[in-house]
Amino acid sequence: MDNILRDGTQIDQTVFKDLDLNLTASPAVSDFIIVPALYTGNLHIELMSKTQCTIHGEVLTLEDEETTVEIEPYVDIEYFDREKNFLFRLKKYINIPIGIYSAGTIMSEFSLPFKFLKNIENGNKVSHIKIKLNYVNDTSSGKLNAYLIWR
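Our subject in this report is the structure included herewith.

Reading guide: rules and limits
Numbering of residues starts from 1 in each chain and follows the order in which that chain's sequence is written. With the structure being a predicted model, the display of local features is reserved for residues of pLDDT at least 70 and the display and counting of side-chain atom pairs for 80 or more, all residues being used for whole-chain, interface and lining totals. With hydrogens and water set aside, each side-chain value is computed from the structure's full complement of heavy atoms. To qualify as a helix, a DSSP run of H or I must reach at least 4 residues; to qualify as a strand, a run of E must reach at least 2; elements of each kind are numbered from the N terminus. Our radius of gyration looks at C-alpha atoms and nothing else; its globule reference is 2.2 Å times the residue count to the power 0.38. Buried residues are those whose accessible area, probed at 1.4 Å on protein chains only, stays under 20% of the maximum for their type, while exposed residues exceed 50% and partly exposed ones sit between those limits. It only takes one pair of heavy atoms within 4.5 Å for two residues to be counted as in contact. For accessible areas, the Shrake-Rupley method is used with a probe of radius 1.4 Å. Any residue's cover is judged against the shown protein chains and nothing else. We count Lys and Arg on the positive side and Asp and Glu on the negative side, and we leave His and both chain ends out. Charge coordinates come from a single atom per side chain, which is NZ of Lys, CZ of Arg, CG of Asp or CD of Glu. Among the buried residues, those of types Ala, Val, Leu, Ile, Met, Phe, Trp, Tyr and Cys that are joined through side-chain atoms within 4.5 Å form a nonpolar core. A pair of strands is treated as paired once DSSP finds two or more bridges between them. Axes here refer to lines fitted to C-alpha atoms; in helices the fit is confined to the stretch in contact. Angles between the N-to-C directions go from 0 to 180 degrees.

## Observations regarding the overall build of the chain
Inference 1: Within the chain one finds zero helices and 13 strands.
Inference 2: Taken from N to C terminus, the helices and strands of the chain fall in the order β-β-β-β-β-β-β-β-β-β-β-β-β.
Inference 3: Taken over C-alpha atoms, the radius of gyration comes to 16 Å for the chain, in line with the 15 Å a tight globule of 151 residues would show.
Inference 4: Projecting the C-alpha coordinates of the chain onto the three principal axes gives extents of approximately 45 × 40 × 20 Å.
Inference 5: Taken across its 151 residues, the chain has 44% of its residues classed as buried.
Inference 6: For the chain, restricting intrachain contacts to residue pairs at least 6 apart in sequence, the fraction spanning at least 24 positions comes to 75%.
Inference 7: On the chain, roughly 8,400 Å² of surface is accessible, and the fraction owed to carbon and sulfur atoms is 48%.
Inference 8: For the chain, the distance from the average position of its 15 positive side-chain charges to the average position of its 21 negative side-chain charges is 10 Å.

This is the structure we're talking about:
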């Protein structure tokens, strides 16, 4: 099990381990992640390519039927209470740039939002989260890891 990154960063929890982008149905959903220090603002997620990764988003055809646009892959965050009851979801919290990533490259990194929790119903009850990675698995390839890091 991973516990430290090459740069010496300590890993708190593994979110995705060897997630095969081509074989895993989208969205890829993590297990429950315990976030006891969520309200400190020090929790971060890093998505890192384990092998060379190619990641694609959804291709949409516009109304003129001649123009297509590729929507970048994105991450949703789902929040749960101590009993793992669903509380709410942040849809399309962060985009992941479409592209090819060599092994060991950080594909995306982001802080887990916390300040808004005090202003929403049940925001003070969060103790677990799930990360949902939304992408197109037919045209994506490679394996990635994702980690929860306390900075």
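After that view of the structure, there is still more to cover.
## Topic: the nonpolar core
Inference 1: One finds Phe16, Leu112, Val126, Ile129, Ile131, Leu133 and Leu144 to be the most contacted residues of the largest nonpolar core, which totals 32 residues.
Inference 2: Within the residue set of this core, elements represented by two or more residues are β1 (11–20), β4 (43–49), β5 (53–55), β8 (74–80), β9 (86–95), β11 (106–111), β12 (128–134) and β13 (143–150).
Inference 3: Leu5, Met48, Tyr147 and Ile149 belong to the second-largest nonpolar core, a separate cluster that totals five residues.

## A closer look at the sheet that holds β1
Inference 1: The four strands lie next to each other as β1-β13-β4-β11, forming an open sheet whose pairing is antiparallel. Each edge of the sheet is formed by a strand with only one pairing partner; in this case those strands are β1 and β11. Ignoring strand direction, the axes of neighbouring strands in this sheet form an average angle of 15°.
Inference 2: Sheet topology places β4 next to β13; seven bridges connect them, and they run antiparallel. By the bridge assignment, Ile45 is partnered in β13 with Leu148.

## Comments concerning unusual backbone geometry
Inference 1: Looking along the chain, the bond that leaves Ser26 and enters Pro27 is cis, with omega of 5°.
Inference 2: Tracing the backbone through its elements, the reader meets Pro27 in the loop between β1 and β2 (28–29).

## Points about the pairing of β12
Inference 1: Along β12, seven of the seven residues are buried, which leaves the element largely enclosed by surrounding structure.
Inference 2: Alternating residues of β12 divide into His128, Lys130, Lys132 and Asn134 and Ile129, Ile131 and Leu133, and every residue in both groups is buried.
Inference 3: One ladder, built from two bridges, connects β2 with β12; its direction is antiparallel. Pairing of Ala28 across the sheet is with Leu133, part of β12.
Inference 4: By the bridge criterion, two bridges tie strand β3 (residues 33–34) to β12 in an arrangement that is antiparallel. By the bridge assignment for β12, Ile34 is matched with His128.

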